[in-house]
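What follows is each chain in one-letter form.
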Amino acid sequence: MQASATIDGSSGQAVVAPPQDAVKTVQRIGVPKEVFPGEKRVATVPEVVEKLIKLGFTVSVESGAGDAANFSDDTYREAGAQIVDGAAALWAGSDIVFKVAVPTAAEVGLMREGGILIGFIWPAQNPELMQQLTAKKATVLAIDALPRMLSRAQKMDALTSQAGVSGYRAVVEAANAFGRFFAGQITAAGKVQPAKVFVAGAGVAGLAAIGTAVGLGAIVRANDTRAEVADQVISMGGEFVKVDFEEEGGGGGGYAKVMSEGFQQAQRDMYAKQAREVDIIITTALIPGKPAPRLITAEMVKSMKPGSVIVDMAAERGGNCELTVPGEAVVKHGVTIVGYTDLTSRLAKQSSTLYATNLFRLAEELCKTKDGVVNVNMDDDAIRGLTVTKEGRITWPAPAPTLPAAAPAKPVAAPAAKKGGHGHGAASEPMAGSKLAIMFGVAAALFWLVGASAPPAFLSHFTVFVLACFVGYMVVWNVKPALHTPLMSVTNAISSIIAIGALVQISPMSGAVDRPNELITWVAGAGIVLTAINMFGGFAVTQRMLAMFRK
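As the structure is a computational prediction, the values presented were derived from the model and not from experiment. In this convention, every chain numbers its residues from 1, walking through the sequence in written order. Whole-chain, interface and lining totals are the exception, using all residues; otherwise, since this is a predicted model, local features are given only for residues with pLDDT of at least 70 and side-chain atom pairs are given and counted only at 80 or more. Side-chain numbers come from the whole structure's heavy atoms, not from hydrogens or water.

## Overview of the nonpolar core
Consideration 1: The biggest cluster of nonpolar side chains holds 47 residues, and the ones touching the most others in it are F98, I118 and L362.
Consideration 2: In terms of residue count, the dominant contributor to this core is helix α11 (residues 348-366) (eight residues).
Consideration 3: What makes two residues a contact is simply this: any of their non-hydrogen atoms within 4.5 Å. Apart from residues lying up to four places away in sequence, L362 is in contact with I118, L141, I143, M156, I383 and L386.
Consideration 4: To qualify as a nonpolar core, a set must consist of buried Ala, Val, Leu, Ile, Met, Phe, Trp, Tyr and Cys residues joined through side-chain atoms within 4.5 Å. Three labels apply to residues, based on accessible area from a 1.4 Å probe with only protein chains included: buried if under 20% of the type maximum, exposed if over 50%, partly exposed otherwise in between. Formed by 29 residues, the second largest nonpolar core is a distinct cluster that contains A170, A205, A222 and M313. A run of H or I in DSSP counts as a helix once it spans at least four residues, and a run of E counts as a strand once it spans at least two, with each numbered from the N terminus.

## Concerning the side chain of T212
Consideration 1: Structurally, T212 is set in helix α7 (residues 204-215).
Consideration 2: Other than its neighbours up to four places away in sequence, T212 contacts Y168 and V171.

## A word on the packing of helix α1 (residues 46-54) against α11
Consideration 1: To define axes, lines are fitted to C-alpha atoms, for helices over the stretch in contact only, and angles between the resulting N-to-C directions are given on a 0 to 180 degree scale. Packing of α1 against α11 leaves a shortest axis separation of 9 Å and a crossing angle of 10°. The angle between the axes of α1 and α11 places the two elements in the roughly parallel class. Note on element contacts: α11 touches α1 through T353, A356, T357, F360 and A363, opposite E47, V48, K51 and L52.
Consideration 2: Residues belonging to the contact of α1 with α11 are distributed by class as follows: five nonpolar, two polar and two charged. Roughly parallel means an angle under 35 degrees; roughly antiparallel, over 145; roughly perpendicular, 65 to 115; everything else is oblique. Any residue outside Ala, Val, Leu, Ile, Met, Phe, Trp, Tyr, Cys, Pro, Asp, Glu, Lys and Arg is labelled polar, Gly included; the first ten of those are nonpolar and the last four are charged.

## Focus: the environment of V140
Consideration 1: Within the element layout of this structure, V140 appears in strand β8 (residues 139-142).
Consideration 2: Using a relative accessible area of 0% as the deciding quantity, one classes V140 as buried.
Consideration 3: Separated by 252 residues in the primary sequence, V140 and G392 place their C-alpha atoms 8.8 Å from one another.
Consideration 4: With sequence-adjacent residues up to four places away left out, V140 is seen in contact with L117, I121, L133, L386, T387, V388 and T389.

## Observations regarding the pairing of strand β17 (residues 335-338)
Consideration 1: Because side chains alternate across β17, one face comprises the buried residues V335 and I337, and the other comprises T336 and V338, equally buried.
Consideration 2: As paired elements, strand β15 (residues 309-312) and β17 share three bridges and run parallel to each other. For V309, the partnering residue across the bridge sits in β17 and is T336.
Consideration 3: Note that strand β16 (residues 329-332) and β17 share four bridges and pair antiparallel. Within β17, the residue paired with K332 across the bridge is V335.
Consideration 4: Linkage of β16 to β17, two consecutive antiparallel strands, is achieved through a turn of two residues, within which H333 is found at a positive phi near 55°. When DSSP finds at least two bridges between two strands, those strands are taken to pair.

## Topic: the pattern of salt bridges
Consideration 1: Salt bridges, as used here, are contacts in which a Lys or Arg side-chain nitrogen is within 4 Å of a carboxyl oxygen on Asp or Glu. Tallied over the full model, the rule gives 21 salt bridges.
Consideration 2: Where R180 meets D279, a salt bridge forms, and the shortest distance between an N and an O atom there is 3.5 Å. One end of the pair, R180, is in the loop between α6 (158-177) and β9 (185-187); the other, D279, is in the loop between α9 (261-277) and β14 (280-283), and 99 residues separate them in sequence.
Consideration 3: The exposure class of D279 is buried, given its relative accessible area of 6%.

## Here's the deal with α9
Consideration 1: To estimate how far a helix should reach, multiply one less than its number of residues by 1.5 Å. Between the first and last C-alpha of α9 there are 25 Å, a value that for 17 residues agrees with the 24 Å anticipated at 1.5 Å per step.
Consideration 2: Buried residues of α9: F263, A266, Q267, M270, Y271, Q274 and A275, and no others.
Consideration 3: As for α9, its buried residues are in contact with β11 (196-200), β12 (219-223), β14 and α10 (298-303).

Structure (structure tokens):
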């Protein structure tokens, strides 16, 4: 595209306009009303509209899109959004479409050719939808395909935010169907025992359910095939119930894997025991791309106490309970089985706000220049993982993202370089056998010379001195520096021996004729002072160290 020239009337000079290709057009984000039955969520909320506008975008919202989530058209107008009547006008006039539920074939038909779609797609389960989107030459970012193992992607993780809402709502539904208090109480009419809740699966939804049930005062137990979540369950106030079978259940990406038949049998035995004991069971077990595993059999339901409740959060994928009816709450064998598939929509305002924030964080990554133009950077691991089609070309599944390299292990300290050819190596380098023999030979010769000329009393004291130096070296200098502080209190015993020896030198035993000369007296006195400082200082430092670990 060539530049065009016009004449400036005030100056008479030609003004060259920039090429049209160089001019960036601000893109419009459209938010349609969800048409999936029972879906009350909306893809953005008024407070997020303001943030999207600050990124440079313009925003259109279909009239009535937020009504079910208690966001009126007026609140969107006040935030700066344009209200559009009708889905056809909204889709046709939007460069980018934010959605919650998987788009229908009719919605894809309304989509602008070459447009951008962001929302839940589930490409593995919807191959026909993928073909329809490629026919539209669309660029599609599936929020469910986000590589969740990337720490920087957590702010965009809509699966996590929506699962947390589902876990909370599952406990609310259980409390609604349960005929008693969750918390134990003592009343004038008698004592009420706390409800016992068992949560099968301690992922995001399971942990949210555990926290909510604990907050209501119930006794909560939980199980998961991934052993590493045991600490998380305990930290939420629950009790982790372990299966009597050793097998790791982590499947990558925050999900569990399909377990062996031996583990599954041991797990069924554990579930059967819990079913007889607890009042409420909440199941959350799902494996991507597979039907929900059957954890609660009809026999287990029969064994539960009348009035008990099962909330099956996997009902949309067939259910974890054999008697679950997706989308309904039914009573079987005196047990209420809740199989609602719209738990997030039952908290539409909260879940919409969280989802809108996830999409806004994604928009920030797509529009880092804040000029209202999206850049789908396929070199970015997070964006590459999300992108399932690019300009009509299927790019799913994405290659595994490049994870940060693990921190290298600290190298073993190499021997210090020899200086001047004298062989002074590192302290950790063992001494050669010949050098050690020479050193002991020289020491023995010196010891013999001292013994041959010195008086017997000096020889005995000198022997004790040498042994004391050896013991001191082995006890203090030959240990790791990290242990020096706690070691100070232990070495007080050695200091006490020194103090006793000095006192003996100052005050000879009764009956002794010779008193020590003045020099020995002063040296012994100095020794007493120094060892006293060491003893009391050691105890003081040790007490301060121990106080750091006290509440």
